[in-house]
Amino acid sequence: MIVNCCLYLTETLFTQEHIVRTGCGSVSVIVYGDQDKPALVTYPDLALNHMSCFQGLFFCPEAASLLLHNFCIYHISPPGHELGAAAICHDNPVPSVDDLADQILDVLNYFRLDAVMCIGVTAGAYILTLFAIKYRERVLGLILVSPLCKAPSWTEWLCNKVMSNLLYFYGMCGLVKECLLYRYFSKEVRGYAEVPESDIVQACRRLLDERQSINVLRFLQAIDRRPDITEGLKTLKCRTLIFVGENSPYHSEALHMTGKLDRRYSALVEVQACGSMVTEEQPHAMLIPVEYFLIGYGLYRPSQINGSPRSPLSPSCIAPELLSPESMGLKLKPIKTRLSTKR
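Quick caveat, the model's predicted, so the values are computed rather than measured. (Residues numbered from 1 in each chain as written. Predicted model: local features only at pLDDT ≥ 70, side-chain atom pairs only at ≥ 80, totals over all residues. Heavy atoms only, no water.)

Draft legend 1. Geometry of the sheet that holds strand 6 (residues 139-145). If you walk across this open sheet you meet the eight strands as 1-2-4-3-5-6-7-8, and the pairing is mixed. Since the sheet does not close on itself, it has two edges, and those belong to strand 1 (15-22) and strand 8 (266-271), each with one partner. Going across the sheet, the axis of each strand differs from the next one's by a mean of 20°, ignoring polarity. Sheet topology places strand 6 next to strand 7 (residues 239-245); five bridges connect them, and they run parallel. Note on strand 7: the bridge partner recorded for glycine 141 is arginine 239. (Pairing = 2+ DSSP bridges. Helix = DSSP H or I, 4+ residues; strand = E, 2+ residues; numbered from the N terminus. Axes fitted to C-alpha atoms, helices over the stretch in contact; angles between N-to-C directions.)

Draft legend 2. Representation of the pairing of strand 1 within the structure. Across eight bridges, strand 1 lies against strand 2 (residues 25-32) in antiparallel orientation. Following the sheet pairing, threonine 15 is matched in strand 2 by tyrosine 32. Counted between consecutive antiparallel strands, the loop separating strand 1 from strand 2 contains two residues.

Draft legend 3. Highlighting the pairing of strand 7. Of all seven residues making up strand 7, six are buried, and the element is well covered by its neighbours. Inspection of the sheet shows strand 7 paired to strand 8 by six bridges, in the parallel sense. Residue pairing for strand 8: isoleucine 242 is matched across the bridge by leucine 268. Handedness of the crossover joining strand 7 and strand 8 through helix 13 (residues 251-260): right-handed. (Buried < 20%, exposed > 50% of the residue type's maximum accessible area, 1.4 Å probe, protein only. Right-handed = clockwise from strand over helix to strand, strands pointing away.)

Draft legend 4. Region of the structure containing the side chain of histidine 81. With respect to the helices, strands and loops of the structure, histidine 81 is situated in the loop between strand 4 (72-76) and helix 5 (97-110). Using a relative accessible area of 1% as the deciding quantity, one classes histidine 81 as buried. Among the polar contacts listed, one links the side chain of histidine 81 to the backbone nitrogen of alanine 47, at a separation of 3.3 Å. Apart from residues no more than four positions distant in its own chain, histidine 81 is found in contact with Leu46, Ala47, Leu48, Asn49, Arg211, Asn215, Val216 and Phe219. (Polar contact = N/O pair within 3.5 Å; in protein donor to acceptor, adjacent residues only side chain to side chain. Contact = heavy atoms within 4.5 Å.)

Draft legend 5. View of the state of the cysteines. One pass over the structure, following the stated rule, counts zero disulfides. Cysteine cysteine 179 is unpaired, with the sulfur of cysteine 159 as its nearest cysteine sulfur at 4.7 Å. Using a relative accessible area of 19% as the deciding quantity, one classes cysteine 179 as buried. (Disulfide = S-S within 2.5 Å.)

Draft legend 6. The arrangement of the packing of helix 5 against helix 6 (residues 123-134) in detail. Taken N-terminus to C-terminus, the directions of helix 5 and helix 6 make an angle of 70°; their axes are 9 Å apart at the nearest point. Comparing their axes, helix 6 and helix 5 come out roughly perpendicular. Across the interface between the two elements, Val97, Asp98, Leu100, Ala101, Asp102, Ile104, Leu105 and Leu108 from helix 5 touch Tyr126, Ile127, Leu128, Leu130, Phe131 and Lys134 from helix 6. Along the lines of polarity and charge, the residues of the contact of helix 5 with helix 6 split into 11 nonpolar, no polar and three charged. (Parallel < 35°, antiparallel > 145°, perpendicular 65-115°, else oblique. Nonpolar A, V, L, I, M, F, W, Y, C, P; charged D, E, K, R; others polar.)

Draft legend 7. Structural view of the packing of aromatic side chains. Considering all chains together, one arrives at eight aromatic pairs under this definition. A ring pair is formed by phenylalanine 131 and tyrosine 135, whose centres lie 5.4 Å apart and whose planes are at 45°; its orientation type is tilted. Both residues of the pair, phenylalanine 131 and tyrosine 135, belong to the buried class. With 5.0 Å between their ring centres and 85° between their planes, tyrosine 168 and phenylalanine 169 make a pair best called edge-to-face. Each member of the pair tyrosine 168 and phenylalanine 169 is classed as exposed. The ring of tyrosine 297 has arginine 239 lying over it, and the distance from NZ or CZ to the ring centre is 5.4 Å. (Phe/Tyr/Trp six-rings, centres within 6.5 Å; stacked < 30°, edge-to-face > 60°. Lys NZ or Arg CZ within 6 Å of the ring centre and 35° of its normal.)

Draft legend 8. A look at unusual backbone geometry. Backbone geometry at threonine 122 places phi at a positive 50°, although glycine is not the residue there. Of the residues examined, threonine 122 reaches a relative accessible area of 0% and is grouped as buried. The backbone of alanine 273 sits at a positive phi, close to 50°, despite the residue not being glycine. The topology assignment puts alanine 273 in the loop between strand 8 and helix 14 (278-281). On the basis of relative accessible area, alanine 273 is assigned to the partly exposed category, the value being 22%.

Quick look at the structure:
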């Protein structure tokens, strides 16, 4: 565990923020690691950035050893969602989802990146999927967490309309934050009468206070106007790994999306007792599937920590059915997120 943490801290010392000018305004990109390594691009959900959407995953030592050993990380924030962002001028046109996908292309060209691996959460997963449909040759693989692919349902449309009005008139008020926390987390961590909010929910609530309401509203409007991209999924040839919490409001959407993807190149992991943001609520549930997904690209964890007895990636913790080669070289089934300590 200490070795893992040291590796993570050593790698993340090479961190820099870049403001990239695109055809639709500027975006913030946080770069972690050695830029000579293959690129891993992340895109967060609504009202989030890399600190509030991916910190749980990248602060998990085993995930850090796997991802930072193999990739340089490029955290793209939606316009105005970066730390310390100023309010975007009301006169600026609201970008479409196509505009946001095209911004990713501008970012890749700015850093002279060819094909990249992508991780996105919910709205961010939609943007990255749209990018992969439009620019297939620029995407090596997709890791999507509680993704969207259809136009908003009536229920989502109504919720988005309520949030839009609240953001416009009252800013990031308590009710907006409750709607967002419901979107992100399961009831188990949000808390209820007898159970207090978990630390990750309290931290997320504080980070939401830092968002400029107009910036969140603009991203919400873009996502609310998104088209159905189901037909485009059939054109994807990159490998796709989908995670979804069984308590996510977008659980059925993830199942729909999985059913439309080519089964030879896709796999689904349903995470028990979890909401949409698996990266924060149950990051350990992602470790084994992601590791085996990356093996298909010839990418591995550094050998010096393979023998860690505490690591949930230890072979003794891997269910036999996960070792059966199928489609991408692995067979993924719904997994339990609490590993047994029995040997």
